[in-house]
Amino acid sequence: MPLDTIETNGRNDMAQAAAAVDDHGHTVTGISNWKVGFWTFIASECLFFGTLISTYMVFKGNAVTGPYPADIFDVLHTTVSTTVLLFSSLAMVLALYAVQRANKKVAIFWLLVVIGMGATFLWMEGTSYLKYIDYGLTLTSSTFGSSYFVLTGTHKLHVIIGMVWMSALIWMIARDRIPPAKAETVEIAGLYWHFVDIIWIVIFTLVYLIQ
Amino acid sequence: MSVTQNDAGGATGHQHEEGHASAMFYVWIGVILAVVTAVEVGIFYMEALSSIEVPLLILLSASKIVLVVMFFMHLKMEPRFITGLFMSGALLGTFMVAALVILYHFLRPLQVISPFAGG
C-alpha cells in the first residue's frame, strides 16, 4: 500500500474519532470524558485499596508482639466516626442536588458540612491513633501496626485530599464558576467523596468488626 | 421518583440529571445506612450470633456499599458501560482480598518466626 494512502487512512480514523466527541466533550456512550475517566480511576483505586486491605488481612493475626487488634480497638468510638463519614456522603449528594438547581448558598452550606464532617472524622481517628501509640502500637512495632497504619493512613490522606477539593468547589461556586450546566464538576468530586466513604465501610467491617 | 438505568449509548449527562431522586430520598438512604451500621455493631456485641457473625457483617457491609454506589454515586442512572467499568475494578479487588485471605489464613497460614525463639 502506498505511503500516502496509509497517511490518508490515518487522518480518516482520527476524523472519525473526533466526530465521536461532541462539542460538550461527550463520548459516543453519552457520558463525558471526565466522568468515564473518573470512573476508571475509581476502578483502579479499588485495586489499590484491595492490596492494602489484603496486606492487613494477611498480617494482622501474625504479629509476634502486641498490642493486638482486640486489645486496643474501641468499636463504639469508631462507630461514631463511621456514622459521621456516612452522613458526610449525604451532605455531598445534597450539595450536588443544590448545584443542579442553581441554589448557590445551599450548595456552599452542604459543602461546608462535608468539610466539617471530614474534619470531625479525622479528629476522632487522630485521637484513636494517639491512644494506640500510647498502648505501644506504632508503624514499626509489629506487622499488625505497619499494615494498620498504612491502610488507615492512606484512607485519611484521601479524606484530606477530598476536603481540599471541596474547599476549591466552594471557592468556585462562590464566584459563579459552577452554574447548573457545569454541575458535573461537583458530581465528579462527589464520586470521589462517596468512594472514600465506601472504602471506610469496608475498613470498618474488616478491620474493626471482624477482629 | 424515577431511578432507572440507561442502556449504553442512550442518554447524555443532562438526561441523567432528570432521573435524579428528591432530596428526601437521599436523606432516607442516609438514615438506612446509619441503621445498618447500628445493626452491624449490635451483631458485633451479640455473643449468640458469633457463629454467623462474619457472613452477616460482610452481607450488611455489602448492602451499604450497594446503597452508596447505586444512589449517592448515581450508578443506577448511568449507562451499563459505567457499571461494568466500576464492577471490573471492584470485583478484581474483592477477588484479590478473598484469594489472599483464603491462601494465608486457611490453606497456608504464615509461619511466624519469633525473634525470641531458640535456634
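Peer 1: A description of the overall build of chain A should follow, citing residues and the corresponding values.
Peer 2: When its secondary structure is counted, chain A shows seven helices and zero strands. Ordered by position in the sequence, the α and β elements of chain A form the string α-α-α-α-α-α-α. Within the span of chain A, comprising 211 residues, buried residues form 41% of the whole. Summarising the internal contacts of chain A: among those between residues at least 6 apart in sequence, 79% fall at separations of at least 24.

Peer 1: How would you sum up the overall build of chain B? Please name residues and give values.
Peer 2: Helix and strand counts for chain B come out as four helices and zero strands. Listed N to C, the secondary structure of chain B is α-α-α-α in terms of helices and strands. The burial tally for chain B puts 23% of its 119 residues in the buried class. By sequence separation, contacts in chain B at least 24 residues apart represent 62% of the contacts at least 6 residues apart.

Peer 1: Which residues make up the confidence of the model for chain A, and what values do they have?
Peer 2: On average, residues of chain A carry a pLDDT of 89, and 87% of them reach 70 or more. Long-range and interchain partners of residues 17-23 of chain A, a stretch whose pLDDT sits below 50, account for four contacts in this model, where long-range means more than four residues apart.

Peer 1: For the packing of helix α2 (residues 33-59) of chain A against helix α7 (residues 184-209) of chain A, give the residues involved together with the corresponding values.
Peer 2: To describe two helices that pack against each other, one gives the angle between their axes and the distance between the axes. All names here are of chain A. At their nearest, the axes of α2 and α7 sit 11 Å apart, and the two run at 15° to each other. With respect to α7, the element α2 is oriented roughly parallel. Considering only the axes of α2 and α7, their crossing is right-handed. Listed contacts from α7 to Trp34, Lys35, Phe38, Ile42, Glu45, Phe49, Ile53, Tyr56 and Met57 of α2 are Glu184, Ile188, Leu191, Phe195, Ile199, Val202, Leu206 and Val207. Here the residues of the contact of α2 with α7 are counted per class, giving 14 nonpolar, no polar and three charged.

Peer 1: Tell me about the nonpolar core, and please be specific about residues and values.
Peer 2: Residue and element names in this part refer to chain A. Membership of the largest hydrophobic core comes to 73 residues, with the highest contact counts inside it found for Ala91, Leu94, Ala95, Val99 and Val114. In terms of residue count, the dominant contributor to this core is α7 (18 residues). Residues in contact with valine 99, not counting those within four places in the same chain, are Ala107, Ile173, Ile178, Pro180, Ala183 and Val186.

Peer 1: Before we move on, could you go through the interface of chain A and chain B and cite the residues and values that matter?
Peer 2: With 43 residues of chain A in contact, the opposing surface of chain B contributes 46 residues. Those elements giving two or more residues to the side of chain A that touches chain B turn out to be α2, α4 (75-100) and α7 of chain A. Broken down by element, the side of chain A that touches chain B gets its largest block of residues, 13 residues, from α2 of chain A.

Peer 1: Describe unusual backbone geometry, naming the residues involved and giving the relevant values.
Peer 2: Glycine aside, residues mostly have negative phi, and peptide bonds are mostly found in the trans state. Its identity as a non-glycine residue notwithstanding, alanine 102 of chain A has a phi of 55°, on the positive side. Mapped onto the secondary structure, alanine 102 of chain A falls in the loop between α4 and α5 (104-135). Since 14 C-beta atoms lie within 10 Å of it, alanine 102 of chain A is described here as partly exposed. A positive phi angle, close to 60°, is found at histidine 74 of chain B, a residue other than glycine. Along the polypeptide, histidine 74 of chain B turns up in the loop between α3 (53-72) and α4 (80-107).

Peer 1: Before we move on, can you summarise the confidence of the model for chain B with the specific residues and values?
Peer 2: All names here are of chain B. With 74% of its residues at a pLDDT of 70 or more, chain B shows a mean pLDDT of 81. Counted against residues more than four places away or in other chains, residues 1-18, with its pLDDT under 50, gives 40 contacts. Both scores are given for the predicted complex: the pTM is 0.85, the ipTM 0.85.

Peer 1: Got a sec to walk through α5 of chain A? Specific residues and values, please.
Peer 2: All names here are of chain A. Taking 1.5 Å as the rise per residue, α5 with 32 residues should run 46 Å; its terminal C-alpha atoms sit 47 Å apart, in good agreement. Buried residues in α5 make contact with α3 (69-72), α4, α6 (143-174) and α7. Of the residues flanking the end of α5, it is glycine 136, one or two places downstream, whose phi is positive at about 105°.

Peer 1: Which residues make up the environment of histidine 77 of chain A, and what are the values?
Peer 2: All names here are of chain A. One can find histidine 77 in helix α4. Here histidine 77 falls in the partly exposed class, since 15 other C-beta atoms lie within 10 Å of it. Counting along the chain gives 10 residues from histidine 77 to proline 67, while the straight-line C-alpha distance between them is 18 Å. Excluding anything up to four places from it in sequence, histidine 77 contacts Met124 and Ser128.

Peer 1: Could you give an account of α4 of chain A, with specific residues and numbers?
Peer 2: Here α4 of chain A spans 38 Å end to end across 26 residues, near enough to the 38 Å set by a 1.5 Å rise per residue. Alanine 102 of chain A lies just past α4 of chain A and shows a positive phi near 55°.

Peer 1: Got a sec to walk through the packing of α6 of chain A against α7 of chain A? Specific residues and values, please.
Peer 2: All names here are of chain A. Two elements in contact, α6 and α7, have axes separated by 10 Å at closest approach and are oriented at 160°. By the angle between their axes, α6 is roughly antiparallel relative to α7. As α6 packs across α7, the resulting crossing turns out to be left-handed. Within the contact between the two elements, α6 uses Leu151, Thr152, His155, His158, Val159, Gly162, Trp165, Met166 and Leu169 and α7 uses Val186, Ala189, Tyr192, Trp193, Val196, Ile199, Trp200 and Ile203. Of the residues in the contact of α6 with α7, the class split is 13 nonpolar, four polar and no charged.

Thresholds applied
Residues numbered from 1 in each chain as written. Chains lettered and ligands numbered in written order. Predicted model: local features only at pLDDT ≥ 70, side-chain atom pairs only at ≥ 80, totals over all residues. Helix = DSSP H or I, 4+ residues; strand = E, 2+ residues; numbered from the N terminus. Buried ≥ 20, exposed ≤ 12 C-beta atoms within 10 Å, placed from the backbone. Contact = placed C-beta atoms within 7 Å. pLDDT = per-residue confidence, 0-100. Axes fitted to C-alpha atoms, helices over the stretch in contact; angles between N-to-C directions. Parallel < 35°, antiparallel > 145°, perpendicular 65-115°, else oblique. Left-handed = near helix turned anticlockwise from the far one by under 90°. Nonpolar A, V, L, I, M, F, W, Y, C, P; charged D, E, K, R; others polar. Core = buried A, V, L, I, M, F, W, Y, C linked by C-beta atoms within 7 Å. Expected span 1.5 Å × (residues − 1).

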